[in-house]
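Tertiary structure, described
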Amino acid sequence: MPSFSQTLRVDGQEMAVYGNLAEGGGPSAAIVVIQHAGGVDAFTRAMVDRLAAAGYAAVAPDLYHRLDAALDPPSKRQQLKDKQIIADVNATVDFLYDHSGVDAQRLGITGFCMGGRVVYLMAAASPRFKAAVAYYGGNIMVPWGEGVEAPFARTGEINCPIMFHFGENDTNPSLEDMLKLDQELERWEKQHQFHVYPDAGHAFMDFTNPQRYREAAATASWARTLDFFARHL
């Protein structure tokens, strides 16, 4: 499959993206893949490649592009700001809209760890997504940066169906967080599906981390994710 790396311009900055196109000649639905705290690393690139193998164009923007490359991933994550994240994801969407291999009317988003939080944020911030899948996104009740609302506070703005995968043993997001999210989405009558995986904690999809990876949860959640995108895109 024709994977690629490219640079986009965002707010006067260069942002790298990693992408992969679905096989075949016609335009396909596309998925924006939001990195976990480790960045656009082997795991994130693998998720892009899996989506391409399933028939989607997929692209992952490097949300750390404004930050000092010498910092470790946790330090970078702590410096992210929601206004800049929104700008970065919107620039990625613009790139997909202009791509001849993409059907821009069938656009989804998925993300892992901090990326799951960004999925919730972007489901509210952008009307261009038709489906959103969040994996164990923590800190949804917390704003990143000054002068912004937390993703949770923007629940009423969510524009598309959303699926959320939780690990039973996770603490951020916890099962208590899941209940709060469910109640808020219900209050706003937003279409959503939640799945909880036993014997799984945070980052259960991350096959590069043997201590956290849980094959059963990863396999079941991925099948549900592909089914969800197939139905909504």
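Above this note sits the structure.
Residues numbered from 1 in each chain as written. Predicted model: local features only at pLDDT ≥ 70, side-chain atom pairs only at ≥ 80, totals over all residues. Heavy atoms only, no water.

Details of helix α4 (residues 114-125)
We apply this condition: In DSSP terms, a helix is any run of H or I states spanning at least four residues, a strand is any run of E spanning at least two, and both are numbered starting from the N terminus. Helices are assigned an expected span. That span is 1.5 Å times one less than the residue count. For every residue, the accessible area (1.4 Å probe, protein chains only) is compared with the maximum for its type, and the residue is labelled buried under 20%, exposed over 50%, or partly exposed between those bounds.
With 12 residues, α4 ought to run about 16 Å at 1.5 Å a step, and its terminal C-alpha atoms sit 16 Å apart, in line with that. Across the 12 residues of α4, 11 count as buried, placing the element largely inside the fold. Those residues of α4 that sit buried are M114, G115, G116, R117, V118, V119, Y120, L121, M122, A123 and A124.

Digging into empty space enclosed by the protein
If you roll a probe as big as a water molecule over the atoms, it shows you where there is empty space left. Put simply, the test is: Using only the protein atoms, space was sampled on a 1 Å grid; points where a 1.4 Å probe fits but cannot get out form cavities, open sets with protein on both sides within 12 Å along at least five of seven lines form pockets, and lining residues are those with an atom within 4 Å of a point. Grid points are joined across faces, edges and corners, and a volume is the space filled by probe spheres set on the points. The residue classification treats Ala, Val, Leu, Ile, Met, Phe, Trp, Tyr, Cys and Pro as nonpolar and Asp, Glu, Lys and Arg as charged. All others, Gly included, are polar.
For the structure shown, the criterion picks out 1 cavity of 30 Å³ or more. There is about 50 Å³ of room inside the largest cavity. Tallied by class, residues from the lining of the largest cavity come to 4 nonpolar, 2 polar and 2 charged.

Side note on the pairing of strand β2 (residues 13-20)
Quick note on the threshold: Should DSSP find at least two bridges between two strands, the strands are regarded as paired.
Relative to β2, strand β1 (residues 3-10) is paired through 8 bridges, and the arrangement is antiparallel. From the neighbouring strand, F4 faces β2, where its bridge partner is G19. Between the antiparallel neighbours β1 and β2 lie 2 residues, among them D11 with a positive phi of about 50 degrees. When β2 meets strand β4 (residues 57-61), the two strands line up antiparallel, connected through 4 bridges. The residue of β4 that forms the bridge with G19 is V59.

Side note on the sheet that holds β4
For clarity, the threshold we go by: To get an axis, fit a line to the C-alpha atoms, keeping to the stretch in contact for a helix; angles then go from 0 to 180 degrees between the N-to-C directions. Residues count as neighbours in contact if any of their non-hydrogen atoms are within 4.5 Å of one another.
Reading across from one edge, β1-β2-β4-β3-β5-β6-β7-β8 is the order of the 8 strands in this open sheet, with mixed pairing throughout. Whereas interior strands pair on both sides, the edge strands pair on one side only; in this sheet they are β1 and β8 (192-197). Taken over all neighbouring pairs, the strand axes of this sheet differ in orientation by 20 degrees on average, direction set aside. Contacting β1, β2, β3 (28-34), β4 and β5 (102-112), helix α3 (residues 82-97) crosses the sheet at an angle of about 120 degrees to β1.

Here we look at the nonpolar core
This is how the line gets drawn: What is meant by a nonpolar core is a set of buried Ala, Val, Leu, Ile, Met, Phe, Trp, Tyr and Cys residues, joined one to another through side-chain atoms within 4.5 Å.
Of all hydrophobic cores here, the largest spans 45 residues; its most connected members are V32, V89, I109 and F129. Here this core takes 8 residues from α4, the largest share from any one element. Dropping the residues within four chain positions of it, I109 is found in contact with I31, V32, I34, V89, V119, M122, F129, A131, A132, V133 and F229. Judged by nonpolar contacts, the second largest core, of 30 residues, contains A46, A60, C113 and Y136.

Some remarks on the packing of α3 against α4
Which entries qualify depends on this criterion: Small angles under 35 degrees read as roughly parallel and large ones over 145 as roughly antiparallel, with 65 to 115 read as roughly perpendicular and the rest as oblique.
For the pair α3 and α4, the least separation of the axes is 11 Å and the interaxial angle reads 75 degrees. The orientation of α3 with respect to α4, classified from their angle, is roughly perpendicular. Residues D82, I85, I86, V89 and N90 of α3 form the contact with α4, whose own contacting residues are R117, V118, L121, M122 and A125. Among the residues making up the contact of α3 with α4, the classes are represented as 7 nonpolar, 1 polar and 2 charged.

Let's talk about the side chain of S28
In this fold, S28 is placed in strand β3. Excluding residues that lie within four positions of it along the chain, S28 makes contacts with A22, G55, Y56, A57, G101, V102, D103 and R106.

Describing the pattern of salt bridges
Here is the rule: By salt bridge we mean one thing: a side-chain nitrogen of Lys or Arg within 4 Å of a carboxyl oxygen of Asp or Glu.
Applying the stated criterion across every chain yields a total of 8 salt bridges. As a salt-bridge pair, E157 and R154 come within 3.0 Å of each other at their nearest N and O atoms. R154 sits in the buried class, given a relative accessible area of 18%. What emerges from the salt-bridge pattern is a single network uniting D11, R66 and D88.

Remarks on the packing of aromatic side chains
Given two aromatic rings, one states the distance between the centres and the angle between the planes to describe the pair. Quick reminder of the rule: Ring geometry is summarised as follows: Phe, Tyr and Trp rings, the Trp one being its six-membered ring, pair when their centres sit within 6.5 Å, and such pairs are stacked at plane angles under 30 degrees, edge-to-face over 60 and tilted between the two. In this analysis the charged atom, NZ for Lys or CZ for Arg, is taken to sit over a ring once it is within 6 Å of the ring centre and within 35 degrees of the ring normal.
Under the defined criterion, the tally for this structure stands at 13 aromatic pairs. Plain terms: the ring middles of Y136 and F204 are 5.1 Å apart, the flat faces sit at 70 degrees to each other, and that makes the pair edge-to-face. Taken together, the positions of Y136 in the loop between β6 (131-135) and β7 (162-167) and F204 in the loop between β8 and α6 (215-232) put the pair 68 residues apart, joining distant regions of the chain. Per residue, the accessibility class of Y136 equals that of F204, and both read buried. Cluster of aromatic residues (ring-pair linked, three or more members): F43, F112, Y135, Y136, Y197, F204 and F207. When the ring centre of W222 is taken as reference, the NZ or CZ atom of R50 above it lies at 5.8 Å. The ring of Y97 is capped by R128, whose NZ or CZ atom sits 5.0 Å from the centre of that ring.

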